[in-house]
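Working through the structure, step by step
Next come the chains, spelled out residue by residue.
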Amino acid sequence: MTKKNAILLAGGESSRYGGNKALIEIKGKTLIEIIYNKLNSHFDRVIVIANDYEYNFLKGAELREDLIKDKGPLAGLYTGLYYSDSEYNFLAACDMPFLRQEYFSFLESYCHNNYQIIVSEYREFLEPFAAYYHKDLLALIKKNIENNNLRIKSFYKQSNIKIIKENILAEHFDLNEIFFNINYPEDKIKAKKILSFKSFKKS
Ligand SMILES: Nc1nc2c(ncn2[C@@H]2O[C@H](COP(=O)(O)OP(=O)(O)OP(=O)(O)O)[C@@H](O)[C@H]2O)c(=O)[nH]1
């Protein structure tokens, strides 16, 4: 099998949350640890892109700083692709606690046919922080950053993209859960509710 790496972004300002959301604790683990551990058990390498915060408590993690500062998550993706040695790279945000291995594998099955982006569609939006990106996008992403096109999806239209439709995904995953992310303090309460519902179902 060809090598696959993951890029975990944790260099955001968490301004809507009002405190570093990567360090939110859920059931005794920080959000970044929860996601890092899942990625680490699936991918060959996990490259964590952060700036001001210390994540040395992530054992053995490869920590990198944005190569281009203050340009948002697009620069984080650029940095991850720059350091990566795999063609396909899964991009994860630090605020999505319910991403899981089956999802990584499912999207991975589309990593061929010269696709440069493999991304899910949910409620008519594309999910850029739970998608695969090909390393050959590096130059195009750099150009977009230089032109100040900083939206994470700024280069999608110029790329060979595979969109996985919601109806296909819904056959395999609970999409409300998979794409759930924490932006505001009340989202932490929602995350805890989802978790206790899951453990209730298991018991
Ligand atoms: N490396 C890096 N990651 C970033 C940067 N900006 C955002 N991220 C990450 O990108 C992901 C999505 O971030 P958002 O929630 O859109 O932005 P945020 O800055 O964390 O939060 P808000 O300030 O509330 O928008 C998170 O994992 C962030 O940590 C950046 O400039 N560099």
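About the cut-offs
Residues numbered from 1 in each chain as written. Predicted model: local features only at pLDDT ≥ 70, side-chain atom pairs only at ≥ 80, totals over all residues. Heavy atoms only, no water. UniProt positions renumbered as here; feature names shortened; annotations may be inferred. Phe/Tyr/Trp six-rings, centres within 6.5 Å; stacked < 30°, edge-to-face > 60°. Buried < 20%, exposed > 50% of the residue type's maximum accessible area, 1.4 Å probe, protein only. Core = buried A, V, L, I, M, F, W, Y, C linked by side-chain atoms within 4.5 Å. Helix = DSSP H or I, 4+ residues; strand = E, 2+ residues; numbered from the N terminus. Contact = heavy atoms within 4.5 Å.

If you look the protein up in an unreviewed UniProt entry, it shows as Probable molybdenum cofactor guanylyltransferase from Halanaerobium polyolivorans. For the record of the protein, the UniProt heading Sequence similarities (unreviewed entry) holds the text "Belongs to the MobA family." Taken verbatim from the UniProt record of the protein, the Subcellular location (unreviewed entry) comment is "Cytoplasm".

Focus: the packing of aromatic side chains
A full pass over the atoms with the stated rule returns 18 aromatic pairs. Ring geometry for Tyr55 against Phe57: centres 6.2 Å apart, planes inclined by 70 degrees, an arrangement best described as edge-to-face. In this structure Phe57 comes out as partly exposed when scored by relative accessible area, which is 37%. For the ring pair Tyr122 and Phe179, a centre distance of 5.3 Å and an interplane angle of 35 degrees mean the geometry is tilted.

Looking at the nonpolar core
Judged by nonpolar contacts, the single largest core of 47 residues is most densely connected at Leu8, Leu39, Phe90 and Tyr103. Of all elements in the fold, only strand S1 (4-9), helix H1 (31-40), strand S4 (45-49), strand S6 (88-93), helix H3 (101-108), strand S7 (117-122), strand S9 (130-134) and helix H6 (175-178) reach the threshold of two or more residues within this core. Of the residues forming this core, the biggest block, six residues, is contributed by H1. In this structure Tyr103 touches Phe90, Ser120, Ala130, Leu169, Phe173, Ile178 and Phe179, once residues within four positions along its chain are discounted. In terms of nonpolar packing, the next biggest core, distinct from the first, is built from 23 residues, Leu74, Ile117, Leu138 and Ile145 among them.

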